Amino acid sequence: MAARRSWEELRAAAAISPLGELGRVVCERIGNDFENWLDIATTPLPETLRLNPLRYDAEWTEETLTERGGARIEWYSGDGGAMQFPWRRGKPDSEATRALMQAVHETGRVTRQEAASMLPILIADPQAGETLLDLCAAPGSKTTQAMVAMHGQGLVVANEPNHRRANMLSSNTNRIGLANLVICRHDGRHFPRVSEPGFDVVITDVPCTGSATMRKNGGLWKRWKPSSASGLQRLQIEIAERGARLLRPGGRMVYSTCSIDVAENEAVVAELLVRCPWLTLNDIDEGQFPGLDLARGFSEWSCPDWVGLGMAELDKPGQYGFSLDGHEEDLRVELRKCRRLPIGSSGDTGGFFVASFIHTGVGEFADALRYDRTMQLTTRATPPANEHTPVPLDADFKASILARWPLKEDDFSWWMRGKRIYAGTPSMKDWLHDPQRYGGKGRMWPGNSWHPLQVIHAGVPILEERSGGLRPKSAAMPILRSAVERSAITLSGEQFRQWLEGPGPRQVDLGVGEQTGSVMISAAGRGGKIVVPAWLGELLTPMVDANERLILELQSQTDADCQQTQ
């Protein structure tokens, strides 16, 4: 009863809050029932996630999660699909389910993500081989969604200026085990010039007040003020404008927020269309998301009467205006092409705003890469890389690695940072690292360097120097798997379970002669053929963490084991 009263109290407070008043005006504009909106907006979100279709055991993962109550999100059209669960976000129904959900997420088989925030990548529709810039990437759910949508090919450049959040981004993306990622640290408003012709796709999911996230952040009802949006609007415009200037002609850009506030949504889009006349809004096809009722963007707006409501201190005249600059009628028509996902109109989601652009300008290069091709250019000296920068792998070292680990050299670009060896996609080196690029003011960067990009991560770590030689990283198994499974030591089901429970099988019992050190082992599993790293000394020792071990234990269960756990 206590929990029920607390939700009733939240609803009562929300109904008379400034955010509630904003919600009332939004509902009136869309034609939705405010009371129904409030009922849903004051209840918690369900658990949702995306499935990773690139793992060998993707079918097993979905079947296992379905047995735990998961159901497909029908409107999600991306590869692998997405699921929703019958419990509150982050509150599974048992400790066993909690452990499973953590394990499949931390090992990259799924990514926990709020359903509404899956829209930008679905709308951008990045393809294998393209280059994509995620200007505001942390914590990384959209970044990983793009990496998977591109099947680990091409290049995703994920940007995050904050050091702590950049480390979080690195951790969240490494678990996917794909090679098509570079992580940079820059203020998104001043992201450096890149190689010609610019990016194929730009994602600008900008910092916002989060006024549509009250279902996962109940404290927002108390904290939100309309003045917060006006404080962020300039930042949002400048980040989106920089993205537009790095977009190649014919490229696609998506602008999005988790806000219901016009100041952060249509007003920003209107300003962007004025500043960047080469951008045209796409009319997003609702049929792409069956079951979702996506409302059109607002072309007119009147904010709540804060003075009449006794909240004069919240009134900020002009903050909700559109920058129409003599193009009022054309812009109002265009703004209808934006889309809003309202809370309560369809699906059990939070709110969201999204706008889809295409670069329809003339020329070959992104606006930020244009310069007078006839002028005499001078070459700038490239600053030396620091100890945290990934650098190209030494050719002799690479040759020794390829002799031991049968990977195809041309399938990847090869990097080293500290004691770790990374595999990236070829375009990472051929397009982003090696070419010279215009540096402004008649100067050119010579290339063969990331500079002026501050790159902190490139590719996926596949090996690490340790005492006794190079040890494979579990995160790289999606890459290493096909190359090493033929040479892996095959264990019987009983030997594999013994290996997991410890102590593992003895070297003399495996029939591998004098072989020691890093090895791969394989065994039959319920999700398909298991291939994982191990260390072979006198005993065979697992080189997997607790989350992967839990998955392997479930996949190696006999039918009798399964019956006992059901």
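Structure shown above.
About the criteria used
Residues numbered from 1 in each chain as written. Predicted model: local features only at pLDDT ≥ 70, side-chain atom pairs only at ≥ 80, totals over all residues. Heavy atoms only, no water. Helix = DSSP H or I, 4+ residues; strand = E, 2+ residues; numbered from the N terminus. Rg over C-alpha atoms; globule rule 2.2 N^0.38 Å. Buried < 20%, exposed > 50% of the residue type's maximum accessible area, 1.4 Å probe, protein only. Contact = heavy atoms within 4.5 Å. Areas by Shrake-Rupley, 256 points an atom, 1.4 Å probe, with all protein chains shown as cover. Lys, Arg positive; Asp, Glu negative; His and termini not counted. Charge placed at Lys NZ, Arg CZ, Asp CG, Glu CD. Pairing = 2+ DSSP bridges. Salt bridge = Lys/Arg side-chain N within 4 Å of Asp/Glu carboxyl O. Axes fitted to C-alpha atoms, helices over the stretch in contact; angles between N-to-C directions. Parallel < 35°, antiparallel > 145°, perpendicular 65-115°, else oblique. Left-handed = near helix turned anticlockwise from the far one by under 90°. Nonpolar A, V, L, I, M, F, W, Y, C, P; charged D, E, K, R; others polar. Phe/Tyr/Trp six-rings, centres within 6.5 Å; stacked < 30°, edge-to-face > 60°.

Summing up its helical and strand segments, the protein chain has 18 helices and 26 strands in all. At 26 Å, the protein chain has a C-alpha radius of gyration in line with the 24 Å of a compact globule built from 566 residues. Oriented by its inertia axes, the alpha-carbon framework of the protein chain measures out at about 85 × 75 × 40 Å. Looking at the protein chain as a whole, 55% of its 566 residues are labelled buried. Within the protein chain, counting contacts between residues at least 6 apart in sequence, those at least 24 apart form 75% of the total. By element, 47% of the accessible surface of the protein chain is carried by carbon and sulfur atoms, the whole surface being about 24,200 Å². Within the protein chain, one finds 63 positive and 71 negative side-chain charges whose respective centroids are separated by 4 Å.

Each regular strand carries side chains that alternate between the two faces of the sheet. Of all seven residues making up strand β8 (residues 199-205), seven are buried, and the element is well covered by its neighbours. Both strand β5 (residues 131-134) and β8 contribute to a ladder of three bridges, which runs parallel. Bridging across to β8, Asp 134 finds its partner in Ile 203.

What follows deals with the side chain of Glu 548. The residue Glu 548 is located in helix α17 (residues 546-555) in this model. Relative accessible area serves as the criterion here: at 14%, Glu 548 is assigned to the buried category.

So, on to the pattern of salt bridges. Summed over the entire model, instances satisfying the criterion amount to 30 salt bridges. Close ionic contact of Arg 11 with Asp 39 constitutes a salt bridge, the shortest N to O distance being 2.6 Å. Here the residue Arg 11 occupies a position in helix α1 (residues 2-15), and Asp 39 occupies one in helix α3 (residues 34-41), the gap between them amounting to 28 residues. In this structure, Asp 434 engages Lys 429 in a salt bridge whose closest nitrogen and oxygen atoms are separated by 2.7 Å. Under the relative-accessibility criterion, Lys 429 is labelled partly exposed at 30%. Put simply, Glu 241, Arg 245, Glu 271, Arg 275 and Asp 367 are held in one network by salt bridges that share partners.

With respect to the helices, strands and loops of the structure, Ser 356 is situated in strand β13 (residues 352-359). Classification of Ser 356 by relative accessible area gives buried; the value is 7%. When neighbours within four sequence positions are excluded, Ser 356 is seen to be in contact with Ile 123, Met 253, Thr 280, Leu 281, Asn 282 and Ile 284.

This brings us to the packing of helix α10 (residues 226-245) against helix α11 (residues 266-275). Close contact between α10 and α11 brings their axes to 10 Å; oriented N to C, the two are set at 45°. One finds that α10 runs oblique with respect to α11. The crossing of α10 and α11 is right-handed. Residues Gln 233, Gln 236, Ile 237, Glu 238, Ala 240, Glu 241 and Arg 245 of α10 touch α11, and the partners they reach there are Ala 267, Val 268, Glu 271, Leu 272 and Arg 275. The class makeup of the residues in the contact of α10 with α11 is five nonpolar, two polar and five charged.

What follows covers the packing of aromatic side chains. For any pair of aromatic rings, geometry is given as the distance between the ring centres together with the angle between the planes. Scanning the model with the defined rule gives eleven aromatic pairs in all. Each ring, one from Phe 496 and one from Trp 499, has its centre 5.3 Å from the other, and the planes form 35°; the classification is tilted. With Phe 496 and Trp 499 both in helix α16 (residues 493-501), this residue pair falls three residues apart, about one helical turn. No difference in accessibility class separates Phe 496 from Trp 499, as the two residues are buried. Put simply, the rings of Phe 34, Trp 37 and Trp 221 touch in pairs and so form one group of aromatic residues.

On to the pairing of β13. Summarising burial for β13: seven of the eight residues are buried, a large majority. As defined by bridge partners, strand β9 (residues 247-257) adjoins β13 across six bridges and the pair is classed as antiparallel. Bridged to Ser 256 within β13 is Val 354. Relative to β13, strand β10 (residues 279-281) runs antiparallel, the two sharing three bridges. Opposite Leu 279, over in β13, you have His 359 as the bridge partner. As defined by bridge partners, strand β12 (residues 339-341) adjoins β13 across three bridges and the pair is classed as antiparallel. Within β13, the residue paired with Leu 341 across the bridge is Phe 352.

Remember, this is a structural readout, not a statement about activity or role.
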